[in-house]
Amino acid sequence: MDSDWAGKIADRKSTSGGAICIDGGCLKTWSRIQKSRALSSGEAEYYAPIKASSMGPGLKIMAEDLGFAFEVNVFTDSSSANGTVSRRRLGKVRHVATCYLWAQERVANKELFVQKVRTDRNIADLMTERLERRAHEPDGD
């Protein structure tokens, strides 16, 4: 998951982007303007895993109906988002709507796993940032 804080210049809303992958295959991608205006980059980054967290369990249930089993892992390059979703209280982000706190409960109940991914390995960057030309060119190896 990834986010660009206040990237939409007209109203300063942020964009969340992500990808759902299973065994290296990409099933779904998205890039959407966040409904709430984030007051910090950490808050904008927190809203991105919430979207993935809400989609993951539904996909898991559908896969189980088809005979497949897997854990739902959410990868984020944001230490702030990882920390916020992994704790049980709001801390300094008291203004966050309670509807976004259910992900903390899922993590605490081990129904959802949030993991840090290096920024240069975060495929969700494709949904929130422009890539420079060199990112598309082969390394010459």
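Residues numbered from 1 in each chain as written. Predicted model: local features only at pLDDT ≥ 70, side-chain atom pairs only at ≥ 80, totals over all residues. Heavy atoms only, no water.

Enquirer: It is not clear to me how the overall build of the protein should be interpreted in this structure. Could you clarify?
Expert: Regarding its fold elements, the protein presents four helices and five strands. Along the protein, from the amino end to the carboxyl end, the secondary structure elements read β-β-β-α-β-α-α-β-α. Taking all 141 residues of the protein together, 39% fall into the buried category. Contacts in the protein between residues far apart in sequence, at least 24 positions, make up 58% of those at least 6 positions apart. For the protein, the exposed surface amounts to about 9,100 Å²; the carbon and sulfur share of it is 51%. (Helix = DSSP H or I, 4+ residues; strand = E, 2+ residues; numbered from the N terminus. Buried < 20%, exposed > 50% of the residue type's maximum accessible area, 1.4 Å probe, protein only. Contact = heavy atoms within 4.5 Å. Areas by Shrake-Rupley, 256 points an atom, 1.4 Å probe, with all protein chains shown as cover.)

Enquirer: Looking at this structure, I do not really get the pairing of strand β4 (residues 73-76). What am I missing?
Expert: Consecutive residues of a regular strand have side chains that alternate between opposite faces of the sheet. Across the two faces of β4 the burial differs, with V74 and T76 buried and N73 and F75 not buried at all. Looking at chain direction, β4 and strand β5 (residues 113-116) are connected through four bridges and run parallel. By the bridge assignment, N73 is partnered in β5 with F113. (Pairing = 2+ DSSP bridges.)

Enquirer: What is the right way to read the confidence of the model for the protein from this model?
Expert: Close inspection of predicted coordinates is inappropriate in any region flagged by low pLDDT. Summarising the model, the protein shows a mean pLDDT of 78, and 82% of its residues fall at 70 or more. Taking the mean pLDDT of every element in the protein, the minimum, 75, falls on helix α4 (residues 125-128) and the maximum, 86, on strand β2 (residues 13-22). (pLDDT = per-residue confidence, 0-100.)

Enquirer: What should I look at first to understand the pairing of strand β3 (residues 25-33) in this one?
Expert: As defined by bridge partners, β2 adjoins β3 across eight bridges and the pair is classed as antiparallel. When the bridges of β3 are listed, C21 appears paired with C26. The turn joining β2 and β3, which pair antiparallel and follow one another in sequence, is formed by two residues; a positive phi near 50° is taken by D23.

Enquirer: Honestly, a positive patch on the surface in this entry has me stumped. Any pointers?
Expert: Judged by side-chain charge, K28, R32, K35 and K51 come together as a positively charged surface patch. Here K28 is to be found in strand β3. Under the relative-accessibility criterion, K28 is labelled partly exposed at 33%. (Patch = residues over 30% accessible without salt bridge, like charges linked within 9 Å, V, L, I, M, F, W, Y side chains within 5 Å. Salt bridge = Lys/Arg side-chain N within 4 Å of Asp/Glu carboxyl O. Lys, Arg positive; Asp, Glu negative; His and termini not counted. Charge placed at Lys NZ, Arg CZ, Asp CG, Glu CD.)

Enquirer: Would you take a moment to explain the sheet that holds strand β1 (residues 2-8) for this structure?
Expert: Read across the sheet, three strands follow the order β1-β2-β3 without closing on themselves; strand pairing throughout is antiparallel. Either end of the sheet is taken by a strand with one partner, and the two such strands are β1 and β3. Looking at each pair of strands side by side, their axes are set apart by 15° on average, direction ignored. Lying over the sheet, helix α1 (residues 41-65) contacts β1, β2 and β3, oriented at roughly 130° with respect to β1. (Axes fitted to C-alpha atoms, helices over the stretch in contact; angles between N-to-C directions.)

Enquirer: Is there a simple way to explain helix α2 (residues 79-86) in this structure?
Expert: Count 3.6 residues to each turn of an α-helix, and residues three or four apart come out pointing the same way. Buried within α2 we find A81, N82, T84 and V85. The buried residues of α2 occupy one face: seen down the axis, they fall within an arc of 170°. In this structure, the buried side of α2 is in contact with α1, β4, α3 (102-108) and β5. (Arc of directions from axis to C-beta.)

Enquirer: Is there a simple way to think about α1 in this case?
Expert: For α1, spanning 25 residues, the distance from its first C-alpha to its last is 38 Å, which sits close to the expected 36 Å at 1.5 Å a residue. A positive phi of about 95° marks G67, the residue just after α1. (Expected span 1.5 Å × (residues − 1).)

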